[in-house]
Amino acid sequence: MLSYRYVFRLLLHLKNVISAFKQMEHPDELTKEVFRDSIVKKYEILENQLWKLLSKIFKASGLEMNSPRACYRQAFKEGWIENIDIWNDILSSRNATAHVYNEEDYEQIKNKIVNEYVHEIEKLLEKIKEEVIDDDVRN
């Protein structure tokens, strides 16, 4: 439960940064770069904590999952993830952020975070809340 709340709070922080950036009128290049870097960094932390949350959930049910890919595959099998391809992309982008030296590639990752990944992460957290958290509260 605490891990879920932490991950959910990380998601809210990321969404707040994205929202603040979208509300800005005519930001200068430095402001764009600062917001982009903040979005990507918050995403890295969120994705890292998300797969660790999944790992804990699966461990509690007897499954030992020690990698993000294994956790996302199992979440797909559980029906918590609809499209495994986007989750493979989420993981690839997360891994790439540490090795991107090209501004255009970094910007593309930021755009995917804003336009695709946040929504997918939010859907997964909602499924976890329904299937695991609420279920534990009922029992």
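Residues numbered from 1 in each chain as written. Predicted model: local features only at pLDDT ≥ 70, side-chain atom pairs only at ≥ 80, totals over all residues. Heavy atoms only, no water.

1. What about the confidence of the model for the protein?
Selection criterion: On a range of 0 to 100, pLDDT expresses the predictor's confidence in each residue. The helix and strand labels rest on DSSP assignments: H or I over at least four residues marks a helix, E over at least two residues marks a strand, and numbering proceeds from the N terminus.
Averaged over every residue, the pLDDT of the protein is 92; the share at 70 or more is 95%. At the level of individual helices and strands, the protein shows its lowest average pLDDT in helix α5 (residues 103-138), which scores 89, and its highest in helix α3 (residues 68-78), which scores 97.

2. With respect to the packing of helix α2 (residues 29-60) against helix α4 (residues 84-96)
Under the convention used in this document: To get an axis, fit a line to the C-alpha atoms, keeping to the stretch in contact for a helix; angles then go from 0 to 180 degrees between the N-to-C directions. Here the word oblique covers every angle except those under 35 degrees (roughly parallel), over 145 (roughly antiparallel) and from 65 to 115 (roughly perpendicular). Helix crossings are classified by the rotation of the near helix relative to the far one: an anticlockwise turn of less than a right angle makes the crossing left-handed, while a clockwise turn makes it right-handed. Every residue pair with non-hydrogen atoms within 4.5 Å of one another is taken to be in contact. Residues are sorted three ways: Asp, Glu, Lys and Arg are charged, Ala, Val, Leu, Ile, Met, Phe, Trp, Tyr, Cys and Pro are nonpolar, and all the rest, Gly among them, are polar.
One can describe the packing of α2 onto α4 by two numbers: an axis separation of 10 Å at closest approach and a directional angle of 125°. Comparing their axes, α4 and α2 come out oblique. Crossing angle aside, the handedness with which α2 passes α4 is left-handed. Of the residues in α4, those touching α2 at Tyr43, Glu44, Glu47 and Leu50 are Trp87, Ile90, Leu91, Ser93 and Arg94. Class assignment of the residues belonging to the contact of α2 with α4 gives a composition of five nonpolar, one polar and three charged.

3. What about the side chain of arginine 36?
Which entries qualify depends on this criterion: Side-chain atoms alone can form a polar contact between residues adjacent in sequence; in general such a contact is a pair of N or O atoms within 3.5 Å, and within protein one must be able to donate a hydrogen while the other accepts it.
Structurally, arginine 36 can be placed in helix α2. Polar side-chain contacts of arginine 36 include one of 3.3 Å to the side chain of aspartate 37. Those residues within four positions of arginine 36 in sequence are excluded, and the remaining contacts are Glu103, Tyr106, Glu107 and Lys110.

4. A few points about a negative patch on the surface
Convention followed: Grouping into patches uses exposed residues only, defined as over 30% relative accessible area, and leaves out salt-bridged ones; the cut-off is 9 Å for like charges and 5 Å for nonpolar side chains (Val, Leu, Ile, Met, Phe, Trp, Tyr). Surface accessibility follows the Shrake-Rupley procedure with a 1.4 Å probe radius. Residue values consider only the protein chains on display as shielding. By convention in these notes, a salt bridge is any Lys or Arg side-chain nitrogen within 4 Å of a carboxyl oxygen on Asp or Glu. Charged residues are defined narrowly, with Lys and Arg counted positive, Asp and Glu counted negative, and His plus the chain ends left uncounted. Charged side chains are reduced to one point each, which is NZ for Lys, CZ for Arg, CG for Asp and CD for Glu. Note on classification: 1.4 Å probe, protein chains only; a residue is buried when its accessible area is under 20% of the maximum for its type, exposed when over 50%, partly exposed between these limits.
A cluster of acidic residues, Glu78, Glu126, Glu130 and Glu131, forms a negative patch at the surface. The leading source of residues in the negative patch is α5, at three residues. With respect to the helices and strands, glutamate 78 occurs in helix α3. Since its relative accessible area comes to 39%, glutamate 78 is described here as partly exposed.

5. Quick word on the pattern of salt bridges
In a structure, side chains of opposite charge can pair up when their charged atoms sit close to one another. According to the stated counting rule, one finds 11 salt bridges in the structure shown. The residue arginine 36 makes a salt bridge to aspartate 37 at a minimum N-O spacing of 3.3 Å. Since its relative accessible area comes to 7%, arginine 36 is described here as buried. Looking at aspartate 37, the relative accessible area reads 30%, which means it is partly exposed. For glutamate 107, the salt bridge is made with arginine 36, and the minimal N-O distance between the two is 3.7 Å. Of the two residues, glutamate 107 is situated in helix α5 and arginine 36 in helix α2; the sequence distance between them amounts to 71 residues. Among the residues examined, glutamate 107 registers a relative accessible area of 29% and is labelled partly exposed. Via salt bridges that share partners, Arg36, Asp37, Glu103, Glu107 and Lys110 belong to a single interconnected network.

6. Structural notes on the nonpolar core
How we decide: Residue types Ala, Val, Leu, Ile, Met, Phe, Trp, Tyr and Cys, when buried and joined through side-chain atoms within 4.5 Å, form a set referred to as a nonpolar core.
Judged by nonpolar contacts, the single largest core of 42 residues is most densely connected at Trp87 and Ile128. Ranked by residues supplied to this core, first place goes to α5 with 12 residues. Those residues in contact with isoleucine 128 that sit more than four places away from it in its chain are Tyr4, Leu53, Leu54, Ile57, Trp80 and Ile133.

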